[in-house]
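In case you want the letters, here they are:
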Amino acid sequence: PLPEKTNDEVIVSLGGISELRFSIPFWIEENGEKVYNDHVDMIKEKMLIRLTDRNSYEWFIVDGINEVGDGSEEFFNVNCLSLGYELSHKRILSLKYEDKPVNCRELLNDLLSLTTWRIGVIDAKFDAMFRSFDFSNTNVLECIIQASETFDALIEWDTVNRRISFVKFKAD
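The sections below set out a description of the structure shown in this document.

### Some thoughts on the packing of aromatic side chains
Describing an aromatic ring pair means giving the distance of the ring centres and the angle of the ring planes.
Here's step 1: Inspection of the entire model under this criterion finds seven aromatic pairs.
Here's step 2: Each ring, one from phenylalanine 126 and one from phenylalanine 151, has its centre 6.4 Å from the other, and the planes form 70 degrees; the classification is edge-to-face. Taken together, the residues span a long stretch of sequence, with phenylalanine 126 in helix α3 (residues 124–127) and phenylalanine 151 in helix α4 (residues 140–151) at a distance of 25 residues. In terms of burial, phenylalanine 126 and phenylalanine 151 fall into one category: buried.

### So, the sheet that holds strand β7 (residues 74–82)
Here's step 1: Within the open sheet, the five strands sit side by side as β1-β2-β7-β6-β5. Their pairing is antiparallel. The open sheet terminates on both sides in strands that have one partner only, identified here as β1 (6–11) and β5 (48–53). With strand direction ignored, the average angle separating the axes of adjacent strands in the sheet is 30 degrees.
Here's step 2: Across nine bridges, the pairing between strand β6 (residues 56–69) and β7 is antiparallel. From the neighbouring strand, glutamate 67 faces β7, where its bridge partner is phenylalanine 76.

### Comments concerning α4
Here's step 1: Taking 1.5 Å of rise per residue, 12 residues should cover 16 Å, and α4 covers 16 Å from first to last C-alpha, within 8% of that figure.
Here's step 2: Looking at α4, one finds that the buried residues are Val140, Leu141, Cys143, Ile144, Ala147, Ser148 and Phe151. For α4, the buried positions fall inside an angular range of 160 degrees around the axis, keeping them on one side.
Here's step 3: Its side-chain oxygen placed 3.0 Å from the backbone nitrogen of leucine 141, asparagine 139 serves as the N-cap of α4.
Here's step 4: Aspartate 152 occupies a position one or two residues after α4 and carries a positive phi of about 60 degrees.

### Description of the pairing of strand β12 (residues 163–168)
Here's step 1: Summarising the sheet, strand β9 (residues 118–122) and β12 pair through three bridges and their orientation is parallel. Bridging across to β12, arginine 118 finds its partner in arginine 163.
Here's step 2: Looking at chain direction, strand β11 (residues 153–158) and β12 are connected through six bridges and run antiparallel. Bridge pairing in β12 links isoleucine 155 to phenylalanine 166.
Here's step 3: Connecting the antiparallel pair β11 and β12 is a turn made up of four residues, with arginine 162 showing a positive phi of about 50 degrees.

So, how was this worked out
- Residues numbered from 1 in each chain as written.
- Predicted model: local features only at pLDDT ≥ 70, side-chain atom pairs only at ≥ 80, totals over all residues.
- Heavy atoms only, no water.
- Phe/Tyr/Trp six-rings, centres within 6.5 Å; stacked < 30°, edge-to-face > 60°.
- Helix = DSSP H or I, 4+ residues; strand = E, 2+ residues; numbered from the N terminus.
- Buried < 20%, exposed > 50% of the residue type's maximum accessible area, 1.4 Å probe, protein only.
- Pairing = 2+ DSSP bridges.
- Axes fitted to C-alpha atoms, helices over the stretch in contact; angles between N-to-C directions.
- Expected span 1.5 Å × (residues − 1).
- Arc of directions from axis to C-beta.
- Polar contact = N/O pair within 3.5 Å; in protein donor to acceptor, adjacent residues only side chain to side chain.

That's the geometry; what it means functionally is another story.
In structure tokens form, the structure reads like this:
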């Protein structure tokens, strides 16, 4: 827990990568004295942060940190992205499905095969659809987003179990 955090904000992106932002002061008050906040040294880029909300939680990865201050107060601003963002670091140089179209499950199996992520639930509608793809010089996250648009699917990110589900966006 970070009881001293301020300006905390969660920006939820339906089917996309959500964002978490917060600030912590460099100096806090303990027993009436101004002392250095040890949490400042504990937060590093690329580390995981767990956001707890009531009875559930979600994992975020620290994407950026900047220090700001006006002379009297200095803050450590932290920007985090939902854990699915880590898939943007897995490069795809070339992956083509032009001659042999694939369904959603086949595509996701291929895209996720070299990652720690797995398939969650795929609506049967998307397993019955076959599409052609031509990915080049991109990353796994961009390919998954493009696939969701092509199949007209909503991505559900399970950041606790590192699972991706493709569900119907709207009822048929």
